[in-house]
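Descriptive analysis of the structure
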Amino acid sequence: MADRDGLIWLDGEMVDWRDAKVHVLTHTLHYGMGCFEGVRAYETDQGAAIFRLQEHTDRLFRSAHILGMEIPYTKEEINQAQKDAVAKNNLKQAYLRPMVFFGSEGMGLRADNLKVHVMVAAWEWPAYMGEEAKTKGIRIRTSSYTRHHVNITMCKAKANGNYMNSMLALREALESGCEEALLLDNEGYVAEGSGENIFIVRDGIIYTPELTSCLDGITRNTIFKFAADLGYEVKEKRITRDEVYVADEAFFTGTAAEVLPIRELDGRKIGSGVRGPITEQLQTMYFDQVMGKRNEYPEWLALVK
Ligand code: PMP
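Residues numbered from 1 in each chain as written. Predicted model: local features only at pLDDT ≥ 70, side-chain atom pairs only at ≥ 80, totals over all residues. Heavy atoms only, no water.

**Things to note about the site of the ligand**
Lining the immediate environment of the ligand, one finds 16 residues, of which Tyr-163, Glu-192, Ile-218, Thr-219 and Thr-255 sit closest. Between the ligand and Lys-158, the relevant distance is 2.8 Å, taken from a nitrogen atom to a side-chain nitrogen or oxygen of the residue. Between Glu-192 and the ligand, the recorded distance is 2.6 Å, taken from a side-chain N or O atom to a nitrogen atom. In isolation the ligand offers 380 Å² of accessible surface; the protein chains occlude 96% of this area. Elements supplying a minimum of two residues to the shell around the ligand: α6 (218–230) and β14 (249–254). Looking at the shell around the ligand residue by residue, the classes come out as three nonpolar, eight polar and five charged. (Near = heavy atom within 4 Å. Polar contact = N/O pair within 3.5 Å; in protein donor to acceptor, adjacent residues only side chain to side chain. Areas by Shrake-Rupley, 256 points an atom, 1.4 Å probe, with all protein chains shown as cover. Helix = DSSP H or I, 4+ residues; strand = E, 2+ residues; numbered from the N terminus. Nonpolar A, V, L, I, M, F, W, Y, C, P; charged D, E, K, R; others polar.)

**A word on the pairing of strand β15 (residues 258–265)**
Residues in a regular strand point their side chains to alternate faces of the sheet. In terms of burial, β15 is a largely internal element, seven of the eight residues being buried. With three bridges connecting them, strand β8 (residues 138–146) and β15 associate as parallel partners. Each bridged residue has a counterpart across the sheet, and for Ile-140 the counterpart in β15 is Leu-265. Across four bridges, β14 lies against β15 in antiparallel orientation. When the sheet's bridge partners are listed, Phe-252 is paired in β15 with Leu-260. The hairpin formed by β14 and β15 contains three residues between the paired strands. Across two bridges, β15 lies against strand β16 (residues 268–269) in antiparallel orientation. Note on β16: the bridge partner recorded for Leu-265 is Arg-268. Counting the residues between successive antiparallel strands, the hairpin from β15 to β16 contains two residues, one of them, Asp-266, with a positive phi of roughly 50 degrees. (Buried < 20%, exposed > 50% of the residue type's maximum accessible area, 1.4 Å probe, protein only. Pairing = 2+ DSSP bridges.)

**Brief notes about the domain arrangement of the chain**
You can read the domains of the chain as domain 1 (7–123) and domain 2 (131–290). The C-alpha-based centres of domain 1 and domain 2 are spaced at 26 Å. Contact with domain 2 buries surface across domain 1, with Phe-36, Phe-51 and Arg-59 losing the most and accounting together for 33% of the total. Our enumeration of links across domain 1 and domain 2 arrives at one salt bridge. Note that Arg-40 is salt-bridged to Glu-258, the shortest N-O span being 3.7 Å. Remark: the boundary between domain 1 and domain 2 carries eleven residue pairs in polar contact (both at pLDDT 80 or more). Per-element accounting of the side of domain 1 that touches domain 2 gives the leading share, seven residues, to helix α2 (residues 53–67). Class assignment for the residues of the side of domain 1 that touches domain 2 results in nine nonpolar, seven polar and six charged. (Domains from an automatic or database assignment. Buried area = accessible area lost by both parts, 1.4 Å probe. Salt bridge = Lys/Arg side-chain N within 4 Å of Asp/Glu carboxyl O.)

**Digging into empty space enclosed by the protein**
Inspection of the entire model under this criterion finds two cavities of 30 Å³ or more. Its boundaries defined by the atoms lining it, the largest cavity holds a volume of some 60 Å³. Across the lining of the largest cavity, the residue classes tally to four nonpolar, three polar and three charged. By volume, the second largest cavity amounts to about 40 Å³. Along its surface, the second largest cavity is lined by Arg-40, Tyr-42, Phe-51, His-56, Ile-218, Thr-219, Thr-255 and Tyr-286. At the level of secondary structure, the elements contributing two or more residues to the lining of the second largest cavity comprise β4 (39–44) and α6. Partitioned by chemical class, the residues of the lining of the second largest cavity number four nonpolar, three polar and one charged. No fewer than three residues from each of domain 1 (7–123) and domain 2 (131–290) sit in the lining of the second largest cavity. (1 Å grid on protein atoms, 1.4 Å probe; cavity = no way out; pocket = protein on both sides within 12 Å on 5 of 7 lines; lining within 4 Å. Points joined across faces, edges and corners; volume = space filled by probe spheres on them.)

Here it is in structure tokens:
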């Protein structure tokens, strides 16, 4: 990843990809206190456009606020940095990674002289789990790892350190031959995937866990809007793993994963074991929307130039 051509926005400047470096004593590297975003730009008729840029930037600032980190840039500057990261690398479509981190000005938990740094990188990243997964769906397993408790870490922050839990769960799932993990909260209710929110469908009603231990996903919010537009009811409630077993349909949502059908959980087929009709409808709407093929919600696409 590090040894390639390109430009990365780092603390207000575009620097060569290979020179976008930090010191080994970078505070965030040691303790995980930092926050980031995962954002996508898509190829549209009018050029590359970032999907829901403002919402991602807003969440980045909320995450930093929760962690008590003051971003030394305005939201407009961070929006522009993301547009530039795509445009200056001549990308037609991209995955973007803005991150806010503490520098190497001090060490130890008590360090009080830390500077807040910001970087934005952008690169081409195709379908998160391959093209086939989008139509066939993926197999997942309930994780032996519990999702964060709301008062152990801050679940509304997309915080670097939170992702150790995600990686442990994902690696366990991959090692067992599945494609993703389903994490339960500390009371045993369904929370989310390692990097996705989950939805299930039963008798035409769409359900998703309440925002306690899961991330306030932007794709989740997009699905809420689409479901309302299509006349489906969406209920936020506690969901048990066996409710997922007996659901008619299930799918994950996330910027990287997009809208991804789940065909099996813990060896149990979900519904008929293929992408369900409501999942397909929402997924089609999602791809049309991000590629600028719908007239609704034009404010969700920010052209990079
Ligand atoms: N949950 C977790 C743990 C995630 O990392 C992500 C990806 N950001 C999501 C849910 C989905 O969020 P979004 O739709 O905003 O990408």
